[in-house]
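# Examination of the molecular architecture
Take a look at the letters that make up each chain.
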Amino acid sequence: MDTIGANFGEVIQPEYSPAIISLALAAFLGIVIFSIFSYNRRSSVNLPPGNLGLPFIGETIQFLGALQSEKPHTFFDERVKKFGKVFKTSLIGDPTVVLCGPAGNRLVLSNEDKLVQSAGPKSFLKLFGEDSVAAKREEGHRILRSALGRFLGPQALQNYIGKMNSEMQRHFDEKWKGKDEVKVLPLVRGLIFSIATSLFFNINDDRQREQLHGLLDTILVGSMTIPLNIPGTLFRKAVKARAKLDEILFALIESRRRELRSGLNSGNQDLLSSLLTFKDEKGIPLTDKEILDNFSVMLHASYDTTVSPTVLILKLLASNPESYEKVVQEQLGILAGKKEGEEVNWKDLKAMPYTWQAIQETLRMYPPAFGMFRRAITDIHFEGYTIPKGWAIVWTTYSTNGREEYFNEPDKFKPSRFEEGKPLDPYTFIPFGAGVRICAGWEFAKTELLLFVHHFVKNFSGCIVIDPNEKISGDPFPPLPTSGQRMKLIPRS
Ligand code: HEM
């Protein structure tokens, strides 16, 4: 694993075995004891076929190993071939049923709080917070979604597009322009993080941004390890980083509260103001813990997921000149209607259908999220099998996105498959999930990705990926070029 955060604040050296081993150990330490009792007791029910793997460890190593490889879908493909689209396994300490294909996706994503509820690894919950939108359920989840919706909905986004534009332009001016060659991944990481800190907290100071970036990286590393809070572990480091992050963010909360009280801030300036001024239908504001946990989860959820398609779309366009030319023509058409220095606006984003098709095709070929875990809250009967109450359930993008059954010539980059008037079968293309837990930031991500491509085309007439065969793999997810994707740039004259 690469050293993460080496350029920022705290330098983090991976001193222990990688995430995959830690998670296996976590399983070994007995998180699954419950599960063993549970499925032995229920041996009379018609469980789906599959392999529960090694005692305690289950198939966690194979699962995370596949997600870290160039072919992350193999874990699912091999088992679908052997057992069918509904199979059992044991992952990260839990007996698990994986549901593949649109019918399985529909079952999980349209039955939140009826048949299933959110569930995630313990280390993740501890570090990102039990009061975050990703962890809360039922009414608590609904309230947090509506609090975040004030900041992430299309109405609010229209107010932030100017800020996103200036972050992008500044970034290209400072880090890309005048260079013959760049390493894309670290640059895009910096850009996406800067946009988050600017729009979430109105932090514009580079040193403070770098400090937060270092803390987030430490938390991300720790969230995929054994949740052992003892000196020397990566988890302990992550817990300390989360405490430091809270300290910084709490100071921001206090100072913003003062500004809001004295009328110096309008309440819709950024995510911070938006959460501080939110009240639910009963007039109850969010607690400080809810605000902090949601900052933490928002920083995480908006980061690598967006970095991955932002980097990979350049690779895919560079190797598909016909598609690249169409994107260029669309973007130049928009620029032609602008005065010197005038930036694109919300209306212009609606006039980028082909660019959006190319982004969707990138998300299809390289889904940033493999899917998500849920827990069965009742016995579920599906396709002749029973998924026992308490078992984990996985829905996955990898069961549809790359399969010939749903996408003709799935290995080819064909943005036209997303053309208007060519409806896709429901639940076959769901990079952002679906239903009540659909990604809260999907429109934010769409705006960021469209603006990134726009600014790239505005500044460069072309690019060449130096190593077109560079490995793309997750650590354990989302997919990223392993050497950072070096590219030659051709400036637009
Ligand atoms: C291309 C970029 C992104 C992708 C592919 C993506 C994908 C996803 C997926 C698959 C989920 C889980 C859905 C489930 O549990 O079934 C999710 C949840 C979430 N995402 Fe994103 N995401 C992206 C960007 C963002 C951004 C930019 C933000 C914030 C600004 C964000 C905020 C969230 C939040 C808060 C949740 C939790 C929602 C809930 O549990 O109700 N995401 N995302």
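Residues numbered from 1 in each chain as written. Predicted model: local features only at pLDDT ≥ 70, side-chain atom pairs only at ≥ 80, totals over all residues. Heavy atoms only, no water.

As annotated in an unreviewed UniProt entry, the chain carries the name CYP725A9 and comes from Taxus chinensis. Listed in UniProt under the heading Pathway (unreviewed entry), the comment for the chain reads: "Alkaloid biosynthesis; taxol biosynthesis." As its UniProt record puts it under Cofactor (unreviewed entry), the chain is described as follows: "heme". (UniProt positions renumbered as here; feature names shortened; annotations may be inferred.)

### Quick notes on the overall build of the chain
Each helix and strand in the chain was counted, giving 18 helices and twelve strands. Along the first, second and third principal axes, the C-alpha atoms of the chain reach 75 × 55 × 45 Å. A buried classification covers 54% of the 493 residues belonging to the chain. Sequence separation of 24 or more characterises 72% of the internal contacts of the chain that already satisfy a separation of 6 or more. Of the side-chain charges in the chain, 60 are positive and 56 negative, and the distance between the mean point of each set is 3 Å. (Helix = DSSP H or I, 4+ residues; strand = E, 2+ residues; numbered from the N terminus. Buried < 20%, exposed > 50% of the residue type's maximum accessible area, 1.4 Å probe, protein only. Contact = heavy atoms within 4.5 Å. Lys, Arg positive; Asp, Glu negative; His and termini not counted. Charge placed at Lys NZ, Arg CZ, Asp CG, Glu CD.)

### Regarding the site of the ligand
As a matter of local geometry, the ligand sits amid 26 residues, with His-141, Arg-145, Arg-374, Arg-437 and Cys-439 nearest to it. Note that a nitrogen atom of the ligand is positioned 3.4 Å from one of the backbone N or O atoms of Ala-301. Here an oxygen atom of the ligand and a side-chain polar atom of Arg-437 are 2.8 Å apart. Those elements that place two or more of their residues in the shell around the ligand are α7 (138–152), α13 (288–301), α14 (304–318), β5 (371–376) and α18 (442–459). Residues that form the shell around the ligand fall into these classes: 18 nonpolar, five polar and three charged. (Near = heavy atom within 4 Å. Polar contact = N/O pair within 3.5 Å; in protein donor to acceptor, adjacent residues only side chain to side chain. Nonpolar A, V, L, I, M, F, W, Y, C, P; charged D, E, K, R; others polar.)

### What to know about the UniProt feature "transmembrane region" (unreviewed entry) in the chain
Per the UniProt record, "transmembrane region" (unreviewed entry) is found at residues 20–39, 184–203 and 215–235. When the span residues 215–235 is considered, its composition is 52% helix and 0% strand, and the gap between its end C-alpha atoms is 13 Å.

### What about the sheet that holds strand β4 (residues 181–183)?
Strand order across the open sheet formed by three strands is β4-β12-β9, with antiparallel pairing between neighbours. Where the open sheet ends on each side, the last strands, each with one partner, are β4 and β9 (460–465). Each strand axis lies, on average, 30 degrees off the axis of its neighbour in the sheet, ignoring direction. Pairing of β9 with strand β12 (residues 486–491), which is carried by five bridges, proceeds in the antiparallel orientation. (Pairing = 2+ DSSP bridges. Axes fitted to C-alpha atoms, helices over the stretch in contact; angles between N-to-C directions.)

### With respect to the pairing of strand β2 (residues 94–99)
In terms of residue burial, β2 counts as a mostly covered element, since six of its six residues are buried. Neither face of β2 is open: one carries Asp-94, Thr-96 and Val-98, the other Pro-95, Val-97 and Leu-99, and all of them are buried. As defined by bridge partners, strand β1 (residues 86–91) adjoins β2 across six bridges and the pair is classed as antiparallel. From the neighbouring strand, Lys-88 faces β2, where its bridge partner is Val-97. Joining the antiparallel neighbours β1 and β2 is a turn of two residues, in which Ile-92 adopts a positive phi near 45 degrees. Sheet analysis places β2 next to strand β8 (residues 392–396), joined by four bridges and oriented parallel. Residue pairing across strands places Val-98 opposite Val-394, the latter belonging to β8.

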